[in-house]
Structure formats: C-alpha cells, structure tokens
Amino acid sequence: MLQSSNRSLVRVAVRSAITAALSTAVMSQALAQQANQPSSQDSAQQAQPEEIVVTGYRMSLNQALEAKRAEVGAVDAILAEDIADFPDLNLAESIQRIPGVTINREGGQGRTITVRGLGGDFTRTNINGMETVAGTTGNRGRGFDFNVFASELFQSIVVRKTQSADLDEGSLGATVDLQTARPFDFDGFKTALSGQASYNDVTEDTNPRAAGLISWANEGKTFGALFSAAYSERNPFDEGFGTTRWEDNGTAAFERSRISPDQAFSPRGNYAGCIPCTSQAEIDAVNRSFHPRIPRYAESLLEQKRYGLTGALQWAPTEKTQINLDALYAYYSSQTENANAGSISFSRFNAEGINETVVRDYQIDGNGNLVYGVFDNVDLRSENGFERHITKYHQFTLSGTHEFTDRFRMNALVGTSENDLDTPYNFSFAYDAADVDGYTYDFRNNSRFPLLVHGIDMTNPDLWTLVAARRRESSIVNSYDTAKFAVEYDLNDNLTVKGGALVKSFEVDMQDFSSGGDLAAARQLVGVGAIARNLPIGRDMAIPAGSDRNYIVPDVWKSAGYVGLFTDPFYALNVSGTDTRNVQEDDASAFVALDFEYDVFAMPLRGSAGVRYAQTDVTSVGILQLSPTESQVAKVENDYTDTLPSLNLALEATDDLIVRAAVAKVMARPNLGDLTPGGNIDNTSRTIRFGNPLLNPFRATNYDLGVEWYFTDEALVGAALFYKDIKSFSVRDTDGIPFSQTGLPIELAGGNDPSTSYEVSRMINGEGGWIRGIELQYQQPFTFLPGALSNFGFTGNYTYIESAVKYDGGLRNDLRDLSNNAWNATLYYETEKFSARVSSAFRGEYLTAFPGGNGNSEEGVNDATTIDASVSYNVTEDLTLSLEGLNLTDEYTDAYVGDYNLVSRYRHTGREILLGVRWTY
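Residues numbered from 1 in each chain as written. Predicted model: local features only at pLDDT ≥ 70, side-chain atom pairs only at ≥ 80, totals over all residues. Heavy atoms only, no water.

**A closer look at the overall build of the protein**
Next up, step 1: Along its length, the protein carries 5 helices and 52 strands.
Next up, step 2: For the protein, the spread of C-alpha atoms along the three principal axes comes to 95 × 75 × 55 Å.
Next up, step 3: Out of the 921 residues belonging to the protein, those deemed buried represent 56%.
Next up, step 4: Put simply, 73% of the contacts in the protein that link residues at least 6 apart link residues at least 24 apart.
Next up, step 5: If you sum the accessible surface of the protein, you get close to 36,500 Å²; carbon and sulfur atoms cover 52% of it. (Helix = DSSP H or I, 4+ residues; strand = E, 2+ residues; numbered from the N terminus. Buried < 20%, exposed > 50% of the residue type's maximum accessible area, 1.4 Å probe, protein only. Contact = heavy atoms within 4.5 Å. Areas by Shrake-Rupley, 256 points an atom, 1.4 Å probe, with all protein chains shown as cover.)

**Observations concerning the nonpolar core**
Next up, step 1: Among the nonpolar cores identified, the biggest contains 57 residues, and Tyr297, Phe375 and Leu466 are the most heavily contacted of them.
Next up, step 2: In terms of residue count, strand E22 (residues 408-436) provides more of this core than any other element does, 5 residues in total.
Next up, step 3: In this view, leucine 466 contacts Phe429, Ala430, Tyr431, Leu519, Gln524, Leu525, Val528, Ile531, Tyr562 and Val563; residues no more than four positions away in its chain are not counted.
Next up, step 4: Formed by 30 residues, the second largest nonpolar core is a distinct cluster that contains Ala80, Ile98, Val148 and Ala211. (Core = buried A, V, L, I, M, F, W, Y, C linked by side-chain atoms within 4.5 Å.)

**Notes on helix H2 (residues 56-70)**
Next up, step 1: Taking 1.5 Å as the rise per residue, H2 with 15 residues should run 21 Å; its terminal C-alpha atoms sit 22 Å apart, in good agreement.
Next up, step 2: Summarising burial for H2: 11 of the 15 residues are buried, a large majority. (Expected span 1.5 Å × (residues − 1).)

**A closer look at the sheet that holds strand E9 (residues 175-180)**
Next up, step 1: One open sheet accounts for 5 strands, arranged E3-E8-E9-E6-E7; its pairing is mixed. Bordering the open sheet on either side are strand E3 (75-79) and strand E7 (130-131), each of which pairs with just one other strand.
Next up, step 2: As judged from the 6 bridges shared by strand E8 (residues 154-160) and E9, these two strands associate in the antiparallel manner. Paired with isoleucine 157 across the two strands is leucine 178, which belongs to E9. (Pairing = 2+ DSSP bridges.)

**Looking at the pattern of salt bridges**
Next up, step 1: One pass over the structure, following the stated rule, counts 59 salt bridges.
Next up, step 2: Put simply, aspartate 868 and arginine 97 hold a salt bridge, and the shortest N to O gap is 3.3 Å. Separated by 771 residues along the polypeptide, aspartate 868 in strand E48 (residues 864-874) and arginine 97 in the loop between helix H3 (91-95) and strand E4 (101-106) bring together distant segments of the chain.
Next up, step 3: Accessibility expressed as a relative area gives 18% for arginine 97, which makes it buried.
Next up, step 4: For glutamate 585, the salt bridge goes to arginine 142, with nearest N and O atoms at 2.5 Å. Taken together, the residues span a long stretch of sequence, with glutamate 585 in strand E31 (residues 581-600) and arginine 142 in the loop between E7 and E8 at a distance of 443 residues. Considered together, glutamate 585 and arginine 142 belong to a single accessibility category, that of buried residues.
Next up, step 5: Via salt bridges that share partners, Arg124, Glu131, Asp168, Glu169, Lys484, Lys504, Asp587, Arg612 and Arg669 belong to a single interconnected network. (Salt bridge = Lys/Arg side-chain N within 4 Å of Asp/Glu carboxyl O.)

**What about the side chain of serine 345?**
Next up, step 1: Relative to the assigned elements, serine 345 resides in the loop between strand E18 (321-343) and strand E19 (358-364).
Next up, step 2: Under the relative-accessibility criterion, serine 345 is labelled buried at 0%.

**Focus: the pairing of strand E29 (residues 550-554)**
Next up, step 1: Of all 5 residues in E29, 4 are buried, a share of seventy percent or more.
Next up, step 2: Both strand E28 (residues 532-536) and E29 contribute to a ladder of 5 bridges, which runs antiparallel. The partner of leucine 535 across the bridge, within E29, is tyrosine 551.

**Here's the deal with the sheet that holds E19**
Next up, step 1: Spatially, E15-E19-E20-E23-E24 is the arrangement adopted by the 5 strands of the open sheet, whose pairing is mixed. Strand pairing shows two members of the sheet lacking a second neighbour, strand E15 (273-274) and strand E24 (451-453), which therefore form its edges.
Next up, step 2: As judged from the 3 bridges shared by strand E23 (residues 439-442) and E24, these two strands associate in the antiparallel manner. Looking at E24, one finds that threonine 440 is bridged to valine 453.
Next up, step 3: Running at roughly 80° to E19, helix H4 (residues 280-288) makes contact with E15 and E19 of the sheet. (Axes fitted to C-alpha atoms, helices over the stretch in contact; angles between N-to-C directions.)

**Some points on the packing of aromatic side chains**
Next up, step 1: The tally for this structure, following the rule as stated, stands at 46 aromatic pairs.
Next up, step 2: Taking the centre distance of 5.3 Å and the plane angle of 75° together, the rings of phenylalanine 449 and tyrosine 906 count as edge-to-face. Here phenylalanine 449, found in the loop between E23 and E24, pairs with tyrosine 906, found in strand E51 (residues 902-908); they are 457 residues apart in sequence, far enough to count as distant. The residues phenylalanine 449 and tyrosine 906 share a single accessibility class, namely buried.
Next up, step 3: Aromatic rings pair up to connect Phe241, Trp246, Tyr271, Tyr297, Phe346, Phe375, Tyr439, Tyr441, Phe443, Phe449, Tyr892 and Tyr906 into one cluster.
Next up, step 4: Just above the ring of tyrosine 710 sits the side chain of arginine 69; from NZ or CZ to the centre is 4.5 Å. (Phe/Tyr/Trp six-rings, centres within 6.5 Å; stacked < 30°, edge-to-face > 60°. Lys NZ or Arg CZ within 6 Å of the ring centre and 35° of its normal.)

**Quick notes on unusual backbone geometry**
Next up, step 1: Its identity as a non-glycine residue notwithstanding, aspartate 435 has a phi of 55°, on the positive side.
Next up, step 2: As for its position among the elements, aspartate 435 is in strand E22.
Next up, step 3: Positioned with a positive phi, asparagine 901 is a non-glycine residue whose angle comes to about 55°.
Next up, step 4: Residue position: asparagine 901 is located in the loop between strand E50 (893-897) and E51.
Next up, step 5: Look at asparagine 901 and you get partly exposed, because its relative accessible area is 35%.

**Digging into the environment of phenylalanine 506**
Next up, step 1: Structurally, the position occupied by phenylalanine 506 is in strand E26 (residues 495-518).
Next up, step 2: For the pair formed by phenylalanine 506 and glutamate 131, sequence separation is 375 residues and the distance between their alpha carbons is 9.6 Å.

**Topic: the environment of valine 467**
Next up, step 1: Turning to its location among the elements, valine 467 is positioned in strand E25 (residues 465-490).
Next up, step 2: Valine 467 sits 419 residues away from leucine 886 along the chain, and the two C-alpha atoms are 41 Å apart.
Next up, step 3: For valine 467, the contacting residues outside a window of four places in its chain are Arg381, Ala430, Tyr431, Asp432, Gly517, Asp518, Leu519 and Gln524.

**What to know about the environment of aspartate 899**
Next up, step 1: Here aspartate 899 shows up in the loop between E50 and E51.
Next up, step 2: You can call aspartate 899 partly exposed: its relative accessible area is 42%.
Next up, step 3: Considered as a pair, aspartate 899 and leucine 167 are 732 residues apart in the sequence and their alpha carbons are 42 Å apart.

**Observations concerning the confidence of the model for the protein**
Next up, step 1: Of all residues in the protein, 91% attain a pLDDT of 70 or more, and the chain-wide mean is 87.
Next up, step 2: Here residues 1-51 is modelled with pLDDT under 50, and outside its nearest four sequence neighbours on either side it reaches 124 contacts, counting other chains as well. (pLDDT = per-residue confidence, 0-100.)

**Here's the deal with the side chain of serine 333**
Next up, step 1: The residue serine 333 is located in strand E18 in this model.
Next up, step 2: Residue serine 333 is classed as buried on the basis of its relative accessible area of 6%.
Next up, step 3: Once residues lying within four places of it in the same chain are set aside, the contact partners of serine 333 are Glu303, Gln304, Lys305, His389 and Ile390.

Laid out in structure tokens, this is it:
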C-alpha cells in the first residue's frame, strides 16, 4: 500500500470578484416586467399600469441572460427556477443546454462533460469557489462526475469559456462554477419540500426522490443559516448487444486501419477448415475477414442510491464585511450485476480458439466483414459479475469579502475537499461449454440486433463447467486543500487594478488488489445447476426470431460461496502494480490584472488585461515490476512553471449589441494515469513500459470572437468563433533513450550503465494541434404573439467543431470526445398557473479511441438525440404538481468500431416518468 506524501497546509489565494457577484447577487435578484392593461371598471378611464412578475423557468432564463450580458468574457449560466428547484434532475443534463457543451451518458444519466471539444480532464470544476474532483465508477482522471450530486442542492451553474488572469489556471476547455444555496439568497424564512416517484418502462419499477431546504436570514441580512438535503434511488436496467469490437486473424489489420504496417498485428491463426470454400483464394478471404470477437446479448441491473447535505452560514458584522461558511456532503452508492452469454472462440488465437473452429457456411460483405457464419468446434462462455462502488464526498469552504475603503476591497477563501471512492466488491465467474457444433451468428438483416443461435440448449446447467473466478478491490482518494485571496483597488472610475495569489495541494491515491483467474481442473465444477440462475434476454428489444433468448449464467453469490471467494487463501488479494499509484501536486500562482472601461468612438468598451504566473511541483509514486516476483516502489519528482497572459474585451457597439474578443495562454495539467512511474523494467532485454512522471502540461493559446444582439427584452441572438492553438498534446511513443533520461532512480537499472540505451514505451509531450468552431445561440419569449401564444418561448443553440492533432509530421482528426455537430432546443409555455416545456439534445458522432483496438481504424459512438419533457401546475401559490418524462424516445447508446460502423455496443435503459409534488413557504 502506498503511503501519501505529507500535504502542505495551504493558504492564500484568489476568489474572482465576478464569481462572487454571480453566485450571490445574480441568484437573489427578482426581475420584473411592466405592462399596461385597460381597466375593466371604466373603459373611459385611462389604463393603469400593472406589474407582471416573471417567474419560473422564464425567470431563470432571463437571469442567466442578464448575467451573461454583464460579463466581460464568454460566460453562460443556468440558474435554479426557485428555491432548490433546478431545471433538470441531473446537473450534466442541465449543462448540455449551454452552447459548446456535450455530455457522456452512462446508466441513463449524464456523467461527464465535454466543452468545445475537450473532455473532462481539460475542464476545471469549482464548487463554492474552490477546485475539486468528484468521481464514481471508473473515474481515474481529473474529470468531474456530475452524477455524484443531486441537482436540488445547487442554485447555479456558470460555465466560463474564456480565461482571465484572476481565474485559476488549469483548463484548456472551460471552468465550471457550481454554487450551493446560501441564506442571503432569500428574504427572511424560506422552506421548500419536494417529492417524486420515478417509473422506468423497462424495469417497470418505481423509485423515490425527495429534497428539502430550510433557510433563515434576519431582516437586515446580517446573519443567516441554511440547510438542505436530497435523496434519490434508481434501479435502471441496461440491456442490449455487444461484440467487444471486431477483428481479423492478424493478416489484414494494417490494410484497413490508420496504423502503419509495422504496428499491425502479426498473423495469429487460421480457421481449422472452411467446408464451402472451393479455392485457396476463398480460404484466404475467410481468414482475412473481420469477425465479431465475442458476440453476445447482455444485461446489467443497476441499483443506485444518492443523498446529499448542504449547510451554509453567512455573517455580515458590518456593511463592508461578509463571511460565508459552506459545507457539502454527498454519498453515492451503485451496484451492478453484469450478465451475458456468447461465444469466446473468436477472440482466441490459440489451439482452443480460431485454430480449432470450422466454418460450415459464411457470407462476407463488400468491406471484408464476415457478417454471417455457421461454425463447428466453438467454445461458449457464460459470465456474470458483481460490482459495488461507494463514493463519499465532503467539502468545507470559508470565504469572505471586506471593503477597506470605497475604493479598496479584498476577497479570500480557504477550503478542503475529499472524494473517497471505494470498491469493496468486484468479482465475476465464468462457465464454459466446449466444442459446440452449429453455432450461428447473422448480422445481414439487422446489424445492431443480430440472430444468435448457439448450437446447444443454453438453459441446461449440465452442459456448463465453472472455469474462472476473479476478485478485485480498489480505492481512489482525491483531495484538495486550497487557500487564495485577491485585492482590488479603483484607481479612478474607469480603472481597477487587481492582484492575488493561490496555494493549492492536490493528491490522488489509488490502490488496487486482485486475485483469482482461470481455475485448475481440481477447482472447476462440471454441471453448475447448484450455483446458476436463468437469464431471460431482451425484455424490450427487437431480437430476431429464432435467436436464443434464455441462458444459464452464474449466480454470483452462490458461486462465491461455493469457491470460498472471501475465505479460501487461494483468493487472497495481491497488490496490482499497474493500478496502484500516488500523485501529489503542489501548485502556487499569482496574478495581476487591470480592469478598464472607456468610451471608444462613443461606444463603451469594457475589458480586463492581466497575467498569471503558476508553478507546479509534482511527486509521482508507482510500482515497477522488475521480474515476475520482484517489484519496487518508484518515486519521481518534477516541476514546471507557466506564464499566462490574457485579454478580454466587450464593446457595446449599440445599446443592444455587444462584440466580445479574447485571447489567452492557457494550460491543463497532465492526465493522472499518464504520470505514474509504475510499469515494468526488463534489464536483460533493456525495455521499459511505464507512464511518464516528467510530462509537461497541455498548453495552448485560445482565441475568441463573439457578437450578441439583445434585440428585445429577455431575448438574444448570438454567435461566437473560437480557435485553440494547442502547443503540446501528450501521445504514446516508443523510442530508444538512455536510462538516465527516463527520470527513474538509477539503481533500478540493475547494474547496467545509466547511459545504456533502453527501448522505452511511454507518454511524451506531443506536437500539439488545433480546435476551431462556431457557436450559434437564440433565446426569446414570444410575447409579440397574440393571446395565449404569447406565453410560448424558445431557447436553443448549435455548435460546430473540428480539430486536428499533429502526429508524425502530419495532421489527423482524432481528438477523443469531440462531436463535430451538436444542438439543443427547448420550447416552453408558461403562465402564472401552468408551465410546460419540451427539450431535445443532439450530439453527433465522436471518437473514443484512435486507432482502435484489435486492428480497427477507430472506435467511437454514433449520433444520439434525447428528448425530455415536463409540465407543472401551481395548485396554490405554495403547492405545485409536476409530471416529467426523460429520454422519451428511449435512445440507445450506439458504439461502433472501424470505418464501416460495425457494432461494438448497442444498449438502452428505457424511459423514465416522474410524478412530483413541491411545497414552498
């Protein structure tokens, strides 16, 4: 087990005045609209003005628009409609409504975001003013998992797409600010209670969701306290088909991939026979064709529980001083049982795989894909696994502002956060049925739902043998300690000078343990009836008639008891070196900036110019495997500095037209998984496979140009162009370098001369590339229409992005997580009593790997469009009933491999309908 380095107690740092203004003033403002209506008492009497107060969803849109308009940089915001009443049930689902933002979904909910083509590792997320990381299953990077938190706990989301000197460094894409509620956001005593029942049309189960808030502030708002809580359960059913990619037998991979021939797979095997083949050319064509590796139908039953708590105290001892204490706690648990059954032979190139398989019938399409086949001597596998993950997150921040004089003021923050992800259970079992004749797959009629006939009675437990048992446990702890301050001084009415500093310590500690694997004959069980269960496949899928739809799969808990998974010393856990590591970063930065406002040719020009200087010290610890039985902990230190100038301008060309321009140097620190010195060293063959703790950060220069036309009240038409000139982008490289230049301790060279050249495979600082795109935005209530039609309104946006990354002297368009096209649209209708809206979100195809595994040119996810809708009715001023529908078209996650859109994973979770009630006072 790795021991964490001692963390510095951190002091000093920056809190942006703009962030403070947005998180307090913007959310508490009430916007009013004036209208003149004739008096019904006397038609001859002059009409009296009547105040119409804009509320609900329309009010939150207008508040966000006013916040955007007031900023110097490119900013978009989403604000709660009412007390603890966020527009969407999931924070990521809300953020995707912002131009340039797309989300990744898992289990039917959004988890991580991509901003202007850059994924979560390049986007910095703050909660209550301090940077933090939240993670659930599989999150081993810097990305923020929005699924950890209930949306009811938050009052605002602000996405900052341009960088300024007073904004903390660390992002190439954007900075996301999340703000929980505070008592000064409301007047006096406020309470809110809500409850919902959620129904899923695939599981046909109903789950609860509840939230509550209580807030109090005295009349003068010199002291206040707030507490909120939220709880929810979900048990979505994720079912579908998968292949775990397609591949050939190793002889043709380089011909249809974008990798060079020397990187392609060498020939690994041929089918044992091809009965219908009449020539060597036909035999060669079959052996060179691409086939699905493990075609199988599968299901995952998820059980998720989440609750969160927030607390806030605010004290204003004088008119010039305000102190805020914020606390946030979140608990998220998920457990999943993953069951599947299919063929295993096509993924093997040994005596028990392809080499013993006989082709009885086949069809190869025009692209060289074996889309239909009947086979003998096929090995089948039935698997089931169980995982349980528990996330515990806490954060405490103490912040405040003080005005020394009318011109001189300060804001400061100290805080700490920790995200503890524990996986106490992660185990699986496998049954095999060997040498089966008559196995058939057929992708000719429906490439996403193929015909699968396995050749045996898949429900007969006597035909199966328990052959494998695996166990794993892991933990990931991310922690931040932050302190920062900033001061501002108004030189005159047009100039403000600002400066500040930040000290931050970030640490991630990963520990991983595993045991088990393929079982020796003495531990196998022939005939699994006592430890098996039946798996009905495809409750709500269009599986072709004739496919096998019922399988025997392991009962995970009965199987665990049978093999003694938690008691037998054979399954004692051992450290997994590749996934056990520690990274600590100590960051210090300071900035100076000048905010200004002048008239240029009678047009008001607002701007901010400044520079930020950042120093990063990194200590990386990992486990190096020196031989099959010998390993050693390696520790490597690195440091780097960055000077980051920035300029943001906002020109009010007319009262309603704003032109924005920005340029800034930015940086994002390396991916955590790439920083480990862990891996393996072979001093005999002089090869090293490991991470690279000496990586420098990703660096870029960002350019932005935008225009916004606020052509009428509550309305906007806008366009923004952006270009990111990326100077460095990490890529994997294999090269011969002296051992002394690897950054590893010299004593690990095993007596070899440190100047001896080793073949080293690691991540390096690549050549960079670029991202460019355009964002279009339109928002307007249709108050110009007659009668009831004036209650309609619309908000929507479209984003186009393209990119290229330099590689081997050329360019390739292979940036992961980037969709070229994305759009969002919401049509709403709102009156004092009734509100309704329907929202649609489209995300275009994007890559997840390039080149792809198993000789494929790429891996990615196809286009998807999701549609959500909601209606609500205010029974009284304090009581509201609501009905919401999520993923109404039951959109599938459609992952593909290769240039020919071959199915990799095609699964869905169904629609969710929520009936709710909300009470406020």
